[in-house]
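Spelled out from the first residue to the last, the chains are:
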Amino acid sequence: MKKNRAFLKWAGGKYSLIEPIRALLPDGNKLIEPFVGAGSVFLNTDYPAYVLNDVNPDLIELFKIVKRRPQTFITDAMEYFSARNNSASAYYAMRTQFNRTSDPYERSLLFLYLNRHGYNGLCRYNSSGLFNVPFGQYKRPYFPHEEIEVFAEKAQRATFTCMSFDKVFRRARRGDVIYCDPPYAPLTATSNFTSYATGGFSLDQQSDLARRAADAANKRGIPVLISNHDTELTQLLYHRAQIQTLQVARFISPKGDGRQRVGELLALYQPAQDAVSNVIDMTPKLKKMAP
């Protein structure tokens, strides 16, 4: 299966981990992603249907527009990718425009521009909800024409939602598969969760996600795969899962020269087959016992 890149740059994107993730994902009627990000796992799996969710409304609105009208979006977005728009002054003017407009289509065009021209492809908002990523200073930002077309074609199988991960879990049904790529836990125990809480993901939510994943598998027969940093905390959180560890190259320095290998893990919550078969087998037995 050919590997497809997402059309957005995304911190923590899963393109480099597609093979181990794909190897662990079970078959199913539908893949559900509560934290879809740029969508690398979606683009590189082959399920009959998808539910792709994220709490970022700008991201989800962009995906919906690309699904509905890809060629119009491509034509309009290309106009932003010119030499005159690749300067600090142009970038900050576009960023201000993005923060001021409430028009969904204009925000989607500017979101792609900011993603490709901003520093390291970061997506970050301040406490007032304003996008605040600085200019990236790239010589010639890449316009992802082909990647948008591939995404749009595959998106015909997808439903896009914007809600909390717990609501997404509640909507899952037997036969579905859930893949979770949450905001990662800190690498060290001394790190605090301030940045995660600002982004809407706290230590309590890390714990709640692990609990919901275990419940989905053990009580509802829905397999769940989670990716995260490999730390003492995550090993403890996912102690009820089958854990696979691996090393991934990541930039950990603001200068971009600190590329080091970081431990990550994949935690698979697999439904117990005996428990599932017992649930199925009990129904006729109970009927026979009824007066």
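Computed from a predicted model, the values in this text were never measured in an experiment. (Residues numbered from 1 in each chain as written. Predicted model: local features only at pLDDT ≥ 70, side-chain atom pairs only at ≥ 80, totals over all residues. Heavy atoms only, no water.)

Structural notes on the overall build of the protein
And step 1. Of the regular secondary structure elements, the protein holds 12 helices and 7 strands.
And step 2. Split into buried and exposed, the 291 residues of the protein put 48% on the buried side.
And step 3. For the protein, contacts bridging at least 24 residues in sequence account for 67% of all contacts bridging at least 6. (Helix = DSSP H or I, 4+ residues; strand = E, 2+ residues; numbered from the N terminus. Buried < 20%, exposed > 50% of the residue type's maximum accessible area, 1.4 Å probe, protein only. Contact = heavy atoms within 4.5 Å.)

Comments concerning the environment of V41
And step 1. Its location among the elements puts V41 in helix α2 (residues 40–43).
And step 2. Each C-alpha atom of the pair V41 and K14 lies 6.7 Å from the other, and the pair is 27 residues apart in sequence.
And step 3. Look past the residues within four positions of V41 in its chain and what remains in contact with it is K14, I18, I21, L25, L31, E33 and Y179.

Describing the packing of aromatic side chains
And step 1. Scanning all chains against the criterion turns up 19 aromatic pairs.
And step 2. Judged by centre distance (6.1 Å) and plane angle (35 degrees), the rings of Y91 and Y113 are tilted. Of this pair, Y91 sits in helix α5 (residues 88–100) while Y113 sits in helix α6 (residues 104–117), and the two are 22 residues apart along the sequence. Accessibility assignment for this pair places Y91 and Y113 in one class, buried.
And step 3. A cation sits over an aromatic face here: K3 above Y15, 4.0 Å from the ring centre.
And step 4. Over the aromatic face of F98 sits the side chain of R107, whose NZ or CZ is 4.1 Å from the ring centroid. (Phe/Tyr/Trp six-rings, centres within 6.5 Å; stacked < 30°, edge-to-face > 60°. Lys NZ or Arg CZ within 6 Å of the ring centre and 35° of its normal.)

What to know about the UniProt feature "binding site: S-adenosyl-L-methionine" (unreviewed entry) in the protein
And step 1. Those residues carrying the UniProt feature "binding site: S-adenosyl-L-methionine" (unreviewed entry) are W10, K14, D54 and D181 in this numbering.
And step 2. Relative to the elements of secondary structure, K14 occurs in the segment before α1 (18–24).
And step 3. The exposure class assigned to K14 is buried, which follows from its relative accessible area of 4%.
And step 4. With respect to the helices and strands, D181 occurs in the loop between β4 (176–180) and α9 (194–198). (UniProt positions renumbered as here; feature names shortened; annotations may be inferred.)

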